[in-house]
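Next come the chains, spelled out residue by residue.
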Amino acid sequence: MLSIAILVTLVAAIVFATAKLKINPFLALLAAALVGGFAFGIPVAEIAPTITTAFGATLGNIGLIILFGTIIGVILERTGAAISMAEALIRVLGTRFPTLTMSVIGFIVSIPVFCDSGFVILNSLKKSLAARAKVSLVAMTIALMTGLYATHVFVPPTPGPLAAAGNLNIIDQLGLIIGFGLIVAVVSALAGLLWANRFLKKNIELMPELAGEDSDLDADYETIRAAYGKLPNAFLAFLPILAPILLICIASIAKLPTLPFGESGLYAAIVFLGTPVIALAVGLIAALFLLRGKGKLEMFGERVSEGIRISAPILLITASGAAFGAILAASDLTEFLGSTLSTLGLGLAVPFLISAALKTAQGSSTVAMVTTSVLLLPLLPALGLDSDLGKVLSVLAIGAGAMVVSHANDSFFWVVSQLSRIPVATAYRTLTPATAIQGVAGFAAVWVIGLIVL
């Protein structure tokens, strides 16, 4: 019981430090790892090597993958490719079902682009489409928000699922995570869409525009579109996303026991190109074709620098989370929890509930996924989830929990509510329940898949 008390104290301290004291999660997790080493009675000579080894191994496993994915997202955002993708989807889907169109746009754009940035980019398009279709702006806001949120927590190369996969030592099964993740994300997005449609014809009062306000975020859609100049070709816009996903998925198919591509040089080439870091590098090369005008190399250098700035905190948080997990694994906590949980038969509910508790308490989906995955790794055998498929579904269960719920301690909640001019009280009645519904629906999908494949 002492080990449980130490664990609860450490997790509570992480939440308090990040949510209340505003300490960076990187430092909070690293401090928890160091303090935990002493508290759990790990030999002093082993504490530092345990922390540094796990920290370095995690950066080696997923560092370049997260970095390349982030740079691709930055290029898509800065070149107007995200707008180009959105317009291509509108041409295909039309405006007859505006909330569905908005949800699909968010779903696709958020695979490489952070959901906060995606909402900022697409906010003016959402307002334009709502005015054209004569539907509630709140309904369109929820549709866009939930579409963005779905792939943000379920589909790599967004950092959350990548970090969880790395911490559960399942990065080599990224194709399975993408395949099952897309299924679960669709279910989650549809649940959010159904909730959004409840407000289609409701006249909900929004906050008035501030007098004299002149912000790019509030500019009309045509103004923002014109700022990008000539938009990239739709095919080139989609290519940096589709190329790595296809390569990873084809490599997963090639590795099936039936060996559909044989064991020849073709097999070796497919597996090499489908290695996550190589696949993302191919996507990055494809993104170069989106850069236009003179000084492309200089422009590319700027985008790389921006990607490094954005991804560095995520990498450090992920690696320090892995260090905390290594300390937990080295303690006697694993044996105690394993023997306790194995008798309860909770299975996939454990990662979902832990992640949901952490998300609700401290606000960040990525931190919730990192922390939950490091806590979960030593418990996988006791939960019956230590197979490759069990780990894949654990990543998705963690993602579902990391949606529940978005409220005042979540930056995405404020981005969505403030840009959409939704009063805080109204946001709690509309936006927050949407994330709860999405998370529960996503976990239900994971649970059903688990019944079939486990």
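Computed from a predicted structure; not experimentally measured.

1. As for the overall build of the chain
Across its full length, the chain carries 21 helices and zero strands. Taken over C-alpha atoms, the radius of gyration comes to 22 Å for the chain, in line with the 22 Å a tight globule of 454 residues would show. Principal-axis analysis of the C-alpha atoms places the extent of the chain at approximately 65 × 60 × 45 Å. For the chain, buried positions account for 56% of its 454 residues. The long-range fraction of contacts in the chain, counting pairs at least 24 apart against all pairs at least 6 apart in sequence, stands at 82%. About 18,500 Å² of surface is accessible on the chain, with carbon and sulfur atoms providing 69% of the total. Averaging the locations of the 24 positively and 22 negatively charged side chains of the chain gives two centres separated by 10 Å.

2. Points about the packing of helix H2 (residues 25-39) against helix H14 (residues 296-330)
Close contact between H2 and H14 brings their axes to 8 Å; oriented N to C, the two are set at 15°. Judged by the angle between their axes, H2 and H14 are roughly parallel. Like other packed secondary-structure pairs, H2 and H14 cross with a definite hand, here left-handed. Every residue of H14 that contacts H2 at Pro-25, Phe-26, Leu-29, Leu-30, Ala-32, Ala-33, Gly-36 and Gly-37 is listed here: Leu-316, Ile-317, Ser-320, Gly-321, Ala-323, Phe-324 and Ile-327. When its residues are assigned to classes, the contact of H2 with H14 shows eleven nonpolar, four polar and no charged.

3. Focus: the pattern of salt bridges
For the structure on display, the rule yields five salt bridges. Between Arg-225 and Glu-87 there is a salt bridge; the shortest N-O distance is 2.6 Å. Of this pair, Arg-225 sits in helix H10 (residues 221-227) while Glu-87 sits in helix H4 (residues 81-93); the two residues are 138 residues apart in sequence, bridging distant segments of the chain. Look at Arg-225 and you get partly exposed, because its relative accessible area is 28%. A relative accessible area of 15% places Glu-87 in the buried class. Ionic contacts of the salt-bridge type, sharing partners, join the residues Glu-77, Arg-78, Arg-303 and Glu-306 into one network.

4. Concerning a nonpolar patch on the surface
A cluster of nonpolar side chains, Leu-242, Leu-246, Ile-250, Ile-253, Leu-256, Phe-261 and Leu-266, forms an exposed patch at the surface whose accessible area comes to about 600 Å². Per-element tally for the nonpolar patch: the top contributor is helix H11 (residues 234-254), with four residues. Structurally, Leu-246 can be placed in helix H11.

5. Regarding helix H5 (residues 98-109)
Taking 1.5 Å of rise per residue, twelve residues should cover 16 Å, and H5 covers 17 Å from first to last C-alpha, within 8% of that figure. Of all twelve residues in H5, nine are buried, a share of seventy percent or more. Buried within H5 are the following residues: Pro-98, Thr-99, Thr-101, Met-102, Ser-103, Ile-105, Gly-106, Phe-107 and Val-109. Each element contacted by the buried residues of H5 is listed here: H4, helix H6 (115-133), helix H7 (137-154) and helix H9 (174-197).

6. Regarding the packing of aromatic side chains
Inspection of the entire model under this criterion finds six aromatic pairs. Plain terms: the ring middles of Trp-195 and Phe-199 are 5.4 Å apart, the flat faces sit at 70° to each other, and that makes the pair edge-to-face. The residues Trp-195 and Phe-199 share a single accessibility class, namely buried. Members of the aromatic cluster, each reached through a chain of ring pairs, are Phe-413, Trp-414 and Tyr-428.

7. A closer look at H6
A maximum bend of about 45° is found in H6 at Leu-122. Listed as buried for H6 are Cys-115, Gly-118, Phe-119, Ile-121, Leu-122, Asn-123, Ser-124, Leu-125, Lys-126, Leu-129 and Ala-130. Buried residues along H6 sit in contact with helix H3 (44-78), H4, H5, H7, H10 and helix H20 (411-419).

8. Regarding the nonpolar core
Within the largest apolar cluster, 141 residues are counted, with the highest numbers of intra-cluster contacts made by Ile-105, Phe-154 and Phe-324. When near neighbours in sequence (up to four residues on either side) are disregarded, Phe-324 contacts Leu-10, Ile-14, Leu-29, Ala-32, Ala-33, Val-374 and Leu-375.

9. Focus: unusual backbone geometry
Following Pro-156, the chain continues to Pro-157 via a peptide bond in cis, the omega torsion being 15°. Following the sequence through the fold, Pro-157 ends up in the loop between H7 and helix H8 (159-167). Residue Val-405 follows Val-404 across a cis peptide bond; omega there is -15°. The topology assignment puts Val-405 in the loop between helix H19 (388-401) and H20. The residue Lys-22 is not glycine, and still its phi comes out positive at about 60°. Examined against the element boundaries, Lys-22 turns out to sit in the loop between helix H1 (2-19) and H2. What makes Lys-22 exposed here is its relative accessible area of 65%. Here Leu-259, not a glycine, exhibits a phi torsion of approximately 50°, which is positive. As for its placement among the helices and strands, Leu-259 is situated in the loop between H11 and helix H12 (265-274). Take Leu-259: its relative accessible area is 26%, and that puts it in the partly exposed class.

Each value, and the rule that gives it
- Residues numbered from 1 in each chain as written.
- Predicted model: local features only at pLDDT ≥ 70, side-chain atom pairs only at ≥ 80, totals over all residues.
- Heavy atoms only, no water.
- Helix = DSSP H or I, 4+ residues; strand = E, 2+ residues; numbered from the N terminus.
- Rg over C-alpha atoms; globule rule 2.2 N^0.38 Å.
- Buried < 20%, exposed > 50% of the residue type's maximum accessible area, 1.4 Å probe, protein only.
- Contact = heavy atoms within 4.5 Å.
- Areas by Shrake-Rupley, 256 points an atom, 1.4 Å probe, with all protein chains shown as cover.
- Lys, Arg positive; Asp, Glu negative; His and termini not counted.
- Charge placed at Lys NZ, Arg CZ, Asp CG, Glu CD.
- Axes fitted to C-alpha atoms, helices over the stretch in contact; angles between N-to-C directions.
- Parallel < 35°, antiparallel > 145°, perpendicular 65-115°, else oblique.
- Left-handed = near helix turned anticlockwise from the far one by under 90°.
- Nonpolar A, V, L, I, M, F, W, Y, C, P; charged D, E, K, R; others polar.
- Salt bridge = Lys/Arg side-chain N within 4 Å of Asp/Glu carboxyl O.
- Patch = residues over 30% accessible without salt bridge, like charges linked within 9 Å, V, L, I, M, F, W, Y side chains within 5 Å.
- Expected span 1.5 Å × (residues − 1).
- Phe/Tyr/Trp six-rings, centres within 6.5 Å; stacked < 30°, edge-to-face > 60°.
- Bend = angle between axes of the 7 residues up to and from the residue.
- Core = buried A, V, L, I, M, F, W, Y, C linked by side-chain atoms within 4.5 Å.

Purely spatial values, then, with no claim about function.
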